[in-house]
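Close look at the chain arrangement
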Amino acid sequence: NPRAATILGDVAINGKALKARQHAVELLSRRSGEPAVDELFRIYDAVQDVQIRKYVVAGLGNRKSPRAAERLLAIARTAPEVELRRTAFRSIANRGDGQYLDALISMYDSEADNDLKNSLLQSIGQYQDQRAYQKLMQVIRNASEPIERRKTAIQMLSRSKDPGVTKFLEDILK
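Residues numbered from 1 in each chain as written. Predicted model: local features only at pLDDT ≥ 70, side-chain atom pairs only at ≥ 80, totals over all residues. Heavy atoms only, no water.

Quick notes on the pattern of salt bridges
This is how it is decided: The salt bridge criterion pairs a side-chain nitrogen of Lys or Arg with a carboxyl oxygen of Asp or Glu, the two atoms within 4 Å. Only DSSP runs of H or I with at least four residues qualify as helices, and only runs of E with at least two residues qualify as strands; both kinds are numbered from the N terminus onward. Burial here depends on accessible area, computed with a 1.4 Å probe over protein chains only, as a share of the maximum for the residue type. Under 20% is buried, over 50% is exposed, and the range in between is partly exposed.
Taken as a whole and judged by the stated rule, the model has 14 salt bridges. For Lys-167, the salt bridge is made with Asp-171, and the minimal N-O distance between the two is 3.1 Å. Here Lys-167 pairs with Asp-171, and both are found in helix H11 (residues 163-173), just 4 residues apart, close to one helical turn. Overall, the relative accessible area of 47% leaves Lys-167 in the partly exposed class. Several salt bridges share partner residues, and in doing so they unite Asp-10, Glu-39 and Arg-42 into one network.

Observations concerning the side chain of Ser-65
This is how it is decided: Polar contacts, as counted here, are pairs of nitrogen or oxygen atoms within 3.5 Å of one another; within protein the pair requires one atom able to donate a hydrogen and one able to accept it, and residues that are adjacent in sequence qualify only if both atoms are side-chain atoms. Whether two residues are in contact is decided by their heavy atoms: any pair within 4.5 Å suffices.
Secondary-structure assignment places Ser-65 in the loop between helix H4 (50-61) and helix H5 (66-78). According to the relative accessible area criterion, Ser-65 is buried, its value standing at 6%. At a separation of 3.1 Å, a polar atom in the side chain of Ser-65 contacts the main-chain amide nitrogen of Arg-67. For Ser-65, the contacting residues outside a window of four places in its chain are Glu-34, Val-37 and Arg-95.

Structural notes on the nonpolar core
Going by this rule: Throughout this description, the term nonpolar core refers to a set of buried Ala, Val, Leu, Ile, Met, Phe, Trp, Tyr and Cys residues connected via side-chain atoms within 4.5 Å.
If you look at the biggest cluster of nonpolar residues, it comprises 54 residues, and the most contacted ones within it are Ile-43, Ile-92, Leu-104, Met-107, Tyr-127 and Leu-157. Excluding residues that lie within four positions of it along the chain, Leu-104 makes contacts with Phe-89, Ile-92, Ala-93, Leu-120, Ser-123, Ile-124 and Tyr-127.

Here it is in structure tokens:
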């Protein structure tokens, strides 16, 4: 029922109890169809509370909608709150859609904030994709990258069963 999505949206926007608001967003995130996506967009735009917005961003990551993915990319690139950007990075990676991997790699390359770069690297490392492997290898080879970030990239690559990745890891041990 489309009316139910509106009611859940109203609870998320106007509810008094934080848990009830979060639960409303969670329920909306599970609903099928574009009306639920529209309602999540409405909540994100109407609410300034970062905790509720993080729930919305995570909920958008559960959606298969291309519109939800595009909104996640916009939040990942431009949200003023670091927590929202981090949540957007994770949500994009959680979607498992390889078409957005290039966007995450591009954001990594242009990001100046070290904490956000670490979050981006974690998101890139979730992909079992040659482009992600290549980026992680590039980070490992780059002596100007912080040692902890390089270690993280090695750890992520160590989970791969790809023969090229295995050879790369063996070569760096020599």
